[in-house]
Amino acid sequence: MILDDNDNIKHKAKNIKPIELNSNETELDRSYDRNIRPKTFDEYIGQESIKETLKISIEASKKRNSSLDHILLYGPPGLGKTTLATIIAKESNVDIKITSAPALERPRDIIGILMSLKEGEILFIDEIHRLNKVAEEILYPAMEDFTLDLTTGKSQTVKTMRVPLKKFTLIGATTKAGALSGPLRDRFGVIHRLEFYTEDELSKVIKRSAKILNFKINDDAADEISRRSRSTPRIANRLIKRAGDWALVKGDGIITKQNAKDALDSLNIDSKGLDVTDREFLKIIINNYSGGPVGIETIAVALGEDIRTIEDVIEPYLLQSGFIQRTQRGRVATKKAYEHLNIKYTQNGQISFFD
Ligand code: ADE
């Protein structure tokens, strides 16, 4: 790659904001989050087979006295990719530097961070599918041979330098493994897909967080919050705080099933965890397009959301819980979606009735 005289390749900044699942979180929420985030594999609930494989890799790298292979973690937002990366660092007794692809816009951003890494240290790059081409090309030899190939100057005066780096581990996280270029994906020795959590796992996460936050919660209340958390711990942890507030103000401080229901109803989160936007998404397909198929671009315009948010945040849960299907011709609402919204099931304009 070529750097200009100012070490500054002109890369068209796309002005993309990172997606936030929870954009109205407060400073108090963030300090709660730091406390409840699990710090070891023992504290981390769920993703059992990933944990087992990672434990073996960490143990082996300690025995070999070598750095861990580069690891790619992918899956929908909120399932714990960053948390797992910090646990991997802690369990390997190494430091971790955390960044995200949109923060690595200029070559000097990624070069600077790579050169600062100590032996064995972990570099975590979130949203790695959004890395620009130049940054990606800097990463290839860094990941493969722990070197930087730098070229400075212009045509006649070009100088090439090969700079050695310390042996580090890159952990990349993405919501879209398919959007990663082949060469980048191939440089990860280990690739793990994080799965949605079961209701039981999520109840355990909720009870653990409640304990740390000093909330008293009944078992059936934890189950109720779990059912409405879109199989996602980040959402469960947000909802438990809202249910805790509700219990404090409207009840005697204990989160009961009724408190939890009332708090979540007031947030317009329904019995399956769908919020206003999810329901609107389904209604657009059903009411405006006879249940589909309809293209995502069309839905995005009608919903007033960008396609990326729909693909990364809204759709994964609707797909996995069977409310929609993705076909070559677009999105289709399933019978389950009609039933959930209390709309008579129609397919290709044919009205059919519930049994
Ligand atoms: N908080 C968020 N994710 C968690 C997990 N997987 N286990 C325990 N607590 C969590």
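Preceding block: the structure.
This write-up is about the structure you can find in this document. (Residues numbered from 1 in each chain as written. Predicted model: local features only at pLDDT ≥ 70, side-chain atom pairs only at ≥ 80, totals over all residues. Heavy atoms only, no water.)

## With respect to the overall build of the chain
Helix and strand counts for the chain come out as 14 helices and 13 strands. When each of the 355 residues of the chain is scored for burial, the buried share is 46%. Looking at the chain alone, contacts between residues at least 24 apart form 70% of all its contacts between residues at least 6 apart. A total accessible area of about 18,300 Å² is found for the chain, and carbon and sulfur atoms account for 47% of it. (Helix = DSSP H or I, 4+ residues; strand = E, 2+ residues; numbered from the N terminus. Buried < 20%, exposed > 50% of the residue type's maximum accessible area, 1.4 Å probe, protein only. Contact = heavy atoms within 4.5 Å. Areas by Shrake-Rupley, 256 points an atom, 1.4 Å probe, with all protein chains shown as cover.)

## Points about helix α13 (residues 307-320)
Over its 14 residues, α13 runs 18 Å from end to end, which matches the ideal 20 Å to within 8%, given 1.5 Å per residue. At isoleucine 314, α13 shows its strongest bend, of approximately 45 degrees, with the proline proline 316 following within four residues. Next to the buried residues of α13 lie α11 (276-288), α12 (296-303), β10 (324-327) and β11 (330-333). The N-terminus of α13 is capped by aspartate 306, whose side-chain oxygen sits 3.2 Å from the backbone nitrogen of arginine 308. Where α13 terminates, the next one or two residues include glycine 322, which has phi positive at roughly 80 degrees. (Expected span 1.5 Å × (residues − 1). Bend = angle between axes of the 7 residues up to and from the residue. Polar contact = N/O pair within 3.5 Å; in protein donor to acceptor, adjacent residues only side chain to side chain.)

## A short note on the packing of helix α8 (residues 219-227) against helix α10 (residues 257-266)
Axis separation between α8 and α10 bottoms out at 7 Å; the angle between their running directions is 25 degrees. In terms of their interaxial angle, α8 and α10 are classed as roughly parallel. Contacts between α8 and α10 involve Asp220, Ala221, Glu224, Ile225 and Arg227 from the first element and Lys257, Ala260, Lys261 and Leu264 from the second. Tallied by class, the residues present in the contact of α8 with α10 amount to 4 nonpolar, no polar and 5 charged. (Axes fitted to C-alpha atoms, helices over the stretch in contact; angles between N-to-C directions. Parallel < 35°, antiparallel > 145°, perpendicular 65-115°, else oblique. Nonpolar A, V, L, I, M, F, W, Y, C, P; charged D, E, K, R; others polar.)

## Observations regarding the nonpolar core
Nonpolar side chains in soluble globular proteins tend to be buried together. Formed by 65 residues in total, the largest nonpolar core has its most connected members in Ile88, Ile225, Ile255, Phe281 and Leu282. Broken down by element, the residue count for this core peaks at 6 residues, all from helix α9 (residues 233-250). Beyond its immediate stretch of four places on either side in the chain, isoleucine 225 contacts Ile206, Ile217, Ala236, Leu239, Ile240, Ala243, Ile255, Ala260 and Leu264. (Core = buried A, V, L, I, M, F, W, Y, C linked by side-chain atoms within 4.5 Å.)

## Looking at the packing of aromatic side chains
Going through the model one piece at a time under the given rule, you end up with 3 aromatic pairs. Arranged with centres 5.5 Å apart and planes meeting at 80 degrees, the rings of phenylalanine 146 and phenylalanine 168 form a pair that is edge-to-face. Here phenylalanine 146, found in the loop between α5 (133-145) and β4 (147-152), pairs with phenylalanine 168, found in the loop between β5 (159-164) and β6 (169-174); they are 22 residues apart in sequence, far enough to count as distant. With a centroid separation of 5.0 Å and 90 degrees between ring planes, the pair formed by tyrosine 338 and tyrosine 345 is classed as edge-to-face. On the accessibility criterion, tyrosine 345 (13% relative accessible area) is buried. Residue placement shows lysine 250 over the ring face of tryptophan 246; its charged tip is 5.0 Å from the ring centre. (Phe/Tyr/Trp six-rings, centres within 6.5 Å; stacked < 30°, edge-to-face > 60°. Lys NZ or Arg CZ within 6 Å of the ring centre and 35° of its normal.)

## Observations concerning the site of the ligand
The environment of the ligand is formed by Pro38, Glu43, Tyr44, Ile45, Tyr197, Val205, Arg208, Pro233 and Asn237. Contacts to the ligand include tyrosine 197, whose side-chain N or O atom sits 3.2 Å from a nitrogen atom. Within the side chain of asparagine 237, a nitrogen or oxygen atom sits 3.2 Å from a nitrogen atom of the ligand. If you list the elements that add at least two residues to the shell around the ligand, you get α7 (199-212) and α9. For the shell around the ligand, a count of residues per class yields 6 nonpolar, 1 polar and 2 charged. Inspection of the shell around the ligand shows a minimum of three residues originating in each of domain 1 (2-193) and domain 2 (199-266). (Near = heavy atom within 4 Å. Domains from an automatic or database assignment.)

## So, the pairing of β5
Taken together, the 6 bridges between β4 and β5 define a ladder with antiparallel strand orientation. Along β5, the bridge assignment pairs aspartate 149 with arginine 162. With antiparallel pairing between neighbouring strands as the criterion, β4 and β5 make up a hairpin whose turn holds 6 residues, including glycine 153 at a positive phi of roughly 85 degrees. (Pairing = 2+ DSSP bridges.)

## Considerations on helix α2 (residues 48-64)
Between its terminal C-alpha atoms α2 stretches 24 Å, which fits the 24 Å expected from 17 residues at 1.5 Å a residue. Listing the buried residues of α2 in full gives Ile50, Lys51, Leu54, Ile58 and Ser61. Projected down its long axis, α2 carries its buried residues within an arc of 95 degrees, all on one side. The exposed residues of α2 that point more than 90 degrees off its buried face are Ser49, Ile56, Lys63 and Arg64. Against the buried residues of α2 lie β1 (71-74), α3 (81-91) and β7 (190-193). Just past α2, the residue asparagine 65 takes up positive phi, approximately 60 degrees. (Arc of directions from axis to C-beta.)

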